[in-house]
Amino acid sequence: AAAATIGISGLAQTSAPPAAASAPKTWADKLTFKGDLRYRYESIQDDSKLDDGGDTYTRQRNRIRARLGAEAKSDDQMKAGLELSTGQSDPVSGNQSLGDGFGKKEFRLNLAYADYNLLRDGPHAAHAIGGKMKNPFITLPDDLVWDGDLTPEGLAFKGKLDGGFVTLLANGGYLWVQERSAEDDAMLYAGQAAAEFQLKPELGLTLGAAYYGFEHFKGYDVIDWEKKNNAYGNSTVAGSVSGGATNKAWASDFAPLVFFARLDARAFGQPIALFTQQLSNDDADSLGDGHLYGFSLGKAKNPRTWEVGYSYAELEKDATPGLMTDSDRWGGGSDGKGHRVYGKVQVLSYLQAGVTYLMGEKAISDSAKTKDYDRLQVDLVASF
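Residues numbered from 1 in each chain as written. Predicted model: local features only at pLDDT ≥ 70, side-chain atom pairs only at ≥ 80, totals over all residues. Heavy atoms only, no water.

Turning our attention to the nonpolar core. Among the nonpolar cores identified, the biggest contains 39 residues, and Trp146, Leu188, Tyr212, Phe214 and Trp250 are the most heavily contacted of them. Sort the elements by how many residues they give to this core and strand S11 (residues 186-200) lands first, with four residues. (Core = buried A, V, L, I, M, F, W, Y, C linked by side-chain atoms within 4.5 Å. Buried < 20%, exposed > 50% of the residue type's maximum accessible area, 1.4 Å probe, protein only. Helix = DSSP H or I, 4+ residues; strand = E, 2+ residues; numbered from the N terminus.)

Shown next as structure tokens:
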């Protein structure tokens, strides 16, 4: 029986029995599931697409993207994850258009990785990652090199040295872009370094640089998941198909050097971020530069919070491989410039609504071929 004690009031009180030993963790305690579903209405006006009468038409479509992932944390140092996503083999989109006779939609493997933290305790970190992974590099809200949906494949390292006022970051990648059975593989050897300065409690500055060394691209057939001889904006020469006229090969190598900066502060009672990115590919004979700048105000995270933002990007024809860049700006790829304006509201903890408008030009390297491109996206995202 539990022992009786006398409380201040003089009434008898029963002391609590000793706490039972906690039960050992099971596999279910180590596993976390998460996912999201996005429903999108989209309207596209592309002046390079004409109807039978020779007039520009507006394409309208409804699309979904669904993702379901699981991550298992074996201990304080090791975790592994898997994620499935709708979509086909497109590396920069998980969207599936509705309206194909109610046909079934495809699910593909989007993530499959193992992540080992070499440092068990403390504010510092050194992660070794292998597999098909989330992008290991620091990216901006809008980015010249990477589409937000792209998941690289290979080996990567992410390091952090926290010094309070300044935190040093270093990321590296040994990534397979394309395995070729009879030729040299297309590879990416990448390194990135950055410093985060905490100038004041609500004022931070991040400065950094990255080098992306793409190997065995020039003279090799372009990687075209659509199988439509699409080089995604990059310059090409005749490819290897018989006759050399029905396929395309890259005319340039790619080794872009990217500098970036981001300032985080508060304005009008809301968090504000200002960011910029400058890119130069010295391996290109010409048309190898890119630049981007933008801002965001607010943060749509908790219920009834909001966020708005703007960015402008210009990416020359051979600045970086076009198949990996943002798939929405000017229709995707390189060789374009344009504006992005967006707003979103966190309606509930698990439900977000947003609107994005993109206005730009594609094929800017040749004024005779330059076309206007406008795109409206209305999104509803449910997450769990």
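Picking up after the structure, the text goes on.
We now examine the pairing of strand S15 (residues 257-267). When a strand is regular, its side chains alternate between the sheet's two faces. As defined by bridge partners, strand S12 (residues 203-215) adjoins S15 across eight bridges and the pair is classed as antiparallel. For Gly204, the partnering residue across the bridge sits in S15 and is Asp264. (Pairing = 2+ DSSP bridges.)

With that settled, consider the pairing of strand S19 (residues 336-348). Alignment of strand S18 (residues 305-315) against S19, held across 11 bridges, turns out to be antiparallel. Counted as the bridge partner of Ala313 is Gly338 from S19. The pairing of S19 with strand S20 (residues 351-362) spans 12 bridges and is antiparallel. Across the sheet, residue Val341 finds its bridge partner in S20, namely Tyr357. Hairpin geometry of S19 and S20 is characterised by an intervening segment of two residues between the two adjacent antiparallel strands.

Moving on, we get to the layout of surface pockets. Regions of empty space are outlined by a rolling probe, equal in size to a water molecule, passed over the atoms. Of the volumes computed, that of the second largest pocket is approximately 1500 Å³. Looking at the second largest pocket, it is lined by 47 residues, and the ones nearest its centre are Lys49, Glu226, Asn230, Tyr232 and Gly331. Listing elements by their share of the lining of the second largest pocket, those giving two or more residues are strand S3 (31-50), strand S4 (56-73), strand S6 (96-97) and strand S21 (371-383). Residue composition of the lining of the second largest pocket, by class: 11 nonpolar, 19 polar and 17 charged. (1 Å grid on protein atoms, 1.4 Å probe; cavity = no way out; pocket = protein on both sides within 12 Å on 5 of 7 lines; lining within 4 Å. Points joined across faces, edges and corners; volume = space filled by probe spheres on them. Nonpolar A, V, L, I, M, F, W, Y, C, P; charged D, E, K, R; others polar.)

Any link to function would need more than the numbers given here.
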